[in-house]
Amino acid sequence: MPQLRVALAQLNVTVGDIDGNADKIVAWTRNAVERGVHIVAFPELGLTGYPVEDLALRASFVDASQARIHDLAKRLADEGLGDIVVVCGYLDRAGGTAMGIDRLGRPKGSPTNSAAVIHQGRVVTSAVKHHLPNYGVFDEFRHFVPGNTLQVVRIHGIDVALVICEDLWQDGGPVAVTKAAGAGLLLVVNSSPYEANKDDVRGDLVRRRAREAGCSLAYVNLVGGQDELVFDGDSLVADAEGKVFARAPQFEQGSMVVDLELPAAATGTPEGTHEGIEIVHTVIHADALPSYEPMDAAMAPRLTDEAEMYGAIVTGLRDYVQKNGFKSVLLGLSGGIDSSLVAAIACDAIGAEHVFGISNPSVYSSDHSKDDAAELAARTGLNYRVVPIQPMVQPFLDTLGLTGLAEENLQARVRAVIWMGLSNADGHLVLACGNKSELSVGYSTIYGDAVGGYAPLKDVPKTVVWRLAKWRNADAKERGQQPPIPENSIAKPPSAELRPGQQDTDSLPPYDLLDDMLDDYVEQDRGSAELVAAGFDSALVSKVIQLVDKAEYKRRQYPPGPKITHKAFGRDRRLPITSAWREDARKAAEH
């Protein structure tokens, strides 16, 4: 059978940095050539970065993408890289349309999510994404117009069908006619965002689609953080029977090279339209290569659930800091579990020397909390400073006579003023340390502990915060290193320490119960009747739902943070702030 050496280059690119992304594509193409590769594939919209959001509607950006893809083709040839076939995602424009002419229901200028096939200094052909996702974090129906073709490119005597991301996830469309097109390889370029356990779903999907298409399937994915999204790589290859035999690491930029033995292209391959999709054939090399000694395929070890989530958060924070030009981060260190975990994540992401922890004890701060904060700083080596807040809090209390909740919130807001002042003075990015459970029920102070430019735990439930902290310490021990988080920070009952003897359970149910309920209400969109039917107490259901619904205005003003769960606040879950709808758990219990 004919052979083909394929490189799947899972790159970490930056949205809008077209020139910088092109440099990476050239560098990794050179790497592929040096390894004897015949075709190298880069991720979906690898030239422009993904997601481009409303940049797709800006004529200058589309024009730049169109021009740079041809410049890239010429540059590859000029640098002696013209013989290899390069597949690269870019932003194009549907033919026959003009920018600036709007049609109701059609994105301005008819941009397309495309993938160019480059060879010998020119774009030989382009595939256009057919299925445009419009759910969860995706708004592609707003930004692109769909294609209706399946591009099949003959490379060294093998027909390679090319599709883009969502085309693999949805039934019908180009993937459905791959078998009819006679393809020997289905190549899928992707920018598929991470969420917990998605690698398992992705693997199952690739296995199924390979069997349906009756051919091997190669899947290349993006790596890195982009605002709230994290891309985990995890590129993989399956044979025609659906067996995955090559898999790249998660959260690592790199290029996985695989040798494939594939069926020779048939004569008289069908063209025309099948199931609404036009099959378009392009021949680059009609003849097969001489046989050669294949390389062994690599299977990266799979990560545990905790390692995977932790890696996603570290990746999201690192890229948010670096891609937005920050050199350092600052966070309030209370000695509690949330700020301790965020500090450990920040040190792993950008190095302890770039992390500044500020302890702001009040008259209510316990000695053990102050000790735990100092202990964490000593263990990690981050920059540590103590700024007591009482000298600043007391004048407000004397002037305004605040008591109760107002006094509690004042302490949090004075701390925020300190953090933001130091941020302005020294250019630090302030990290908010709240978790998803607290954000769900509004258990935070707006303009207080909720301030910041990025929130690493925004999509991490409190029970998972404990899991990740324990995992990080255990991982350090396995490596022979000092665990970064003091055991007392993990073991002690959580408390905001804004009044004497305060604990979170004064205001909230135990976190294991709360997170179970929030999973049903927030993640699964179940109503009060379903929660009561699932066994939750009706009075508690009413209380928690009311807290969640009333906190929507807080969540709208919270910093961005990496998506970890199936449904993150922000892109995934979009509810009105002003709404008269109320779930009535008590009535549900009566029925």
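Here goes a summary of the coordinates provided. These numbers come from a predicted model, not from an experiment.

The rules we used
Residues numbered from 1 in each chain as written. Predicted model: local features only at pLDDT ≥ 70, side-chain atom pairs only at ≥ 80, totals over all residues. Heavy atoms only, no water. Pairing = 2+ DSSP bridges. Helix = DSSP H or I, 4+ residues; strand = E, 2+ residues; numbered from the N terminus. Buried < 20%, exposed > 50% of the residue type's maximum accessible area, 1.4 Å probe, protein only. Right-handed = clockwise from strand over helix to strand, strands pointing away. Expected span 1.5 Å × (residues − 1). Axes fitted to C-alpha atoms, helices over the stretch in contact; angles between N-to-C directions. 1 Å grid on protein atoms, 1.4 Å probe; cavity = no way out; pocket = protein on both sides within 12 Å on 5 of 7 lines; lining within 4 Å. Points joined across faces, edges and corners; volume = space filled by probe spheres on them. Contact = heavy atoms within 4.5 Å. Salt bridge = Lys/Arg side-chain N within 4 Å of Asp/Glu carboxyl O. Core = buried A, V, L, I, M, F, W, Y, C linked by side-chain atoms within 4.5 Å. Phe/Tyr/Trp six-rings, centres within 6.5 Å; stacked < 30°, edge-to-face > 60°. Lys NZ or Arg CZ within 6 Å of the ring centre and 35° of its normal.

## Topic: the sheet that holds strand β18 (residues 355-359)
The strands that make up a sheet are held in pairs by hydrogen bonds between backbone atoms, and each pair lies either parallel or antiparallel.
Item 1. The strand order across the open sheet formed by four strands is β19-β18-β17-β20, and the pairing between neighbours is parallel. Strand pairing shows two members of the sheet lacking a second neighbour, β19 (383-386) and β20 (429-430), which therefore form its edges.
Item 2. Alignment of strand β17 (residues 329-332) against β18, held across four bridges, turns out to be parallel. In the sheet register, valine 329 faces β18, and the bridge partner there is valine 355.

## Regarding the pairing of strand β9 (residues 216-220)
Item 1. Burial analysis of β9 places five of its five residues in the buried class, the great majority of the element.
Item 2. Of the two faces of β9, the one holding Ser216, Ala218 and Val220 and the one holding Leu217 and Tyr219 are both buried throughout.
Item 3. Here strand β8 (residues 185-189) runs beside β9; their pairing, made up of five bridges, is parallel. Bridging from a neighbouring strand, valine 189 pairs with valine 220 of β9.
Item 4. Note on the crossover from β8 through helix α5 (residues 198-213) to β9: the handedness is right-handed.
Item 5. As defined by bridge partners, β9 adjoins strand β12 (residues 236-238) across three bridges and the pair is classed as antiparallel. Considered in β12, the bridge of leucine 217 is made with alanine 238.

## Observations concerning the side chain of histidine 38
Item 1. Topologically, histidine 38 is positioned in the loop between α1 (18-34) and β2 (39-41).
Item 2. Here histidine 38 falls in the buried class, since its relative accessible area comes to 14%.

## Looking at helix α7 (residues 337-350)
Each turn of an α-helix holds 3.6 residues, which means side chains three or four residues apart point in the same direction.
Item 1. Between the first and last C-alpha of α7 there are 20 Å, a value that for 14 residues agrees with the 20 Å anticipated at 1.5 Å per step.
Item 2. With 13 of 14 residues buried, α7 is to be regarded as a mostly interior element.
Item 3. Where α7 ends, the next residue or the one after it, glycine 351, has phi of about 95°, a positive value.

## Comments concerning the sheet that holds strand β16 (residues 277-283)
Item 1. Taken together, eight strands build an open sheet; the order of strands is β13-β12-β9-β8-β7-β6-β16-β15 and the sheet is mixed. Two strands lie at the open edges of the sheet, namely β13 (244-247) and β15 (272-274), each paired on one side alone. If you compare each strand with its neighbour and ignore which way they point, the axes differ by 25° on average.
Item 2. For β12 and β13, the ladder comprises three bridges, and the chain directions are antiparallel. By the bridge assignment, valine 237 is partnered in β13 with alanine 246.

## Overview of the layout of surface pockets
Item 1. Reported here for the second largest pocket is a volume of approximately 460 Å³.
Item 2. Glu252, Leu303, Ala307, Gly311 and Arg479 are the residues nearest the centre of the second largest pocket, which is lined by 20 residues in total.
Item 3. For the lining of the second largest pocket, the elements supplying multiple residues, two or more each, are α6 (305-323) and α12 (462-478).
Item 4. Ranked by residue count, the leading element in the lining of the second largest pocket is α6, at six residues.

## What to know about the environment of histidine 119
Item 1. Topologically, histidine 119 is positioned in strand β4 (residues 111-119).
Item 2. As a C-alpha pair, histidine 119 and proline 193 span 74 residues in sequence and 29 Å in three-dimensional space.
Item 3. Excluding residues within four positions of it along the chain, histidine 119 makes contact with Gly82, Asp83, Ile84, Val85, Val124, Ile284 and His285.

## Overview of the pattern of salt bridges
Item 1. Within this structure, the stated rule accounts for 40 salt bridges.
Item 2. A salt bridge links arginine 207 to aspartate 204, with the shortest nitrogen-to-oxygen separation between them at 3.0 Å. One end of the pair is arginine 207 and the other is aspartate 204, both in helix α5 and three residues apart, which spans about a single turn.
Item 3. A salt bridge links lysine 462 to aspartate 338, with the nearest nitrogen and oxygen atoms 2.9 Å apart. Of this pair, lysine 462 sits in helix α12 while aspartate 338 sits in helix α7; the two residues are 124 residues apart in sequence, bridging distant segments of the chain.
Item 4. In this structure, a network of salt bridges that share partners links the residues Asp199, Arg202, Asp232, Asp234, Arg247 and Arg302.

## What to know about the environment of asparagine 12
Item 1. Examined against the element boundaries, asparagine 12 turns out to sit in the loop between β1 (3-10) and α1.
Item 2. You can call asparagine 12 buried: its relative accessible area is 12%.
Item 3. C-alpha of asparagine 12 to C-alpha of glycine 501: the two residues are 489 residues apart in sequence and 47 Å apart in space.
Item 4. With residues up to four places along the chain from it excluded, the contact list for asparagine 12 reads Lys24, Val223, Gly224, Gln253, Asp319 and Lys323.

## What about the pairing of β4?
Item 1. For β4, a buried count of nine out of nine residues is recorded, marking the element as mostly surrounded by other parts of the structure.
Item 2. Of the two faces of β4, the one lined by Pro111, Asn113, Ala115, Val117 and His119 and the one lined by Thr112, Ser114, Ala116 and Ile118 are each fully buried.
Item 3. Here strand β3 (residues 85-93) runs beside β4; their pairing, made up of eight bridges, is antiparallel. In the sheet register, valine 86 faces β4, and the bridge partner there is isoleucine 118.
Item 4. Here six bridges tie β4 to strand β5 (residues 122-128), and the two strands are oriented antiparallel to one another. Bridged to valine 117 within β5 is threonine 125.
Item 5. Between β4 and β5, which pair antiparallel and follow one another directly, the connecting turn spans two residues, one of which, glutamine 120, has a positive phi of 50°.

## Some words on the nonpolar core
Item 1. Core analysis: the largest hydrophobic core is formed by 67 residues, its most contacted members being Leu341 and Leu431.
Item 2. When residues of this core are assigned to their parent elements, the largest contribution, 10 residues, is made by α7.
Item 3. Beyond its immediate chain neighbours, meaning those up to four positions away, leucine 341 contacts Tyr310, Leu457, Val465, Leu468, Ala469 and Ile485.
Item 4. By size, the runner-up hydrophobic cluster in this structure holds 41 residues, among which are Leu45, Leu132, Phe144 and Leu222.

## Remarks on the packing of aromatic side chains
Item 1. Taken as a whole and judged by the stated rule, the model has six aromatic pairs.
Item 2. Plain terms: the ring middles of tyrosine 50 and phenylalanine 231 are 6.1 Å apart, the flat faces sit at 75° to each other, and that makes the pair edge-to-face. Separated by 181 residues along the polypeptide, tyrosine 50 in the loop between β2 and α2 (59-78) and phenylalanine 231 in strand β11 (residues 229-232) bring together distant segments of the chain.
Item 3. Judged by relative accessible area, which is 5%, tyrosine 50 ranks as buried.
Item 4. On the basis of relative accessibility, which here comes to 1%, the residue phenylalanine 231 falls in the buried class.
Item 5. Lying across the ring of phenylalanine 569, lysine 436 places its NZ or CZ 5.5 Å from the centre.

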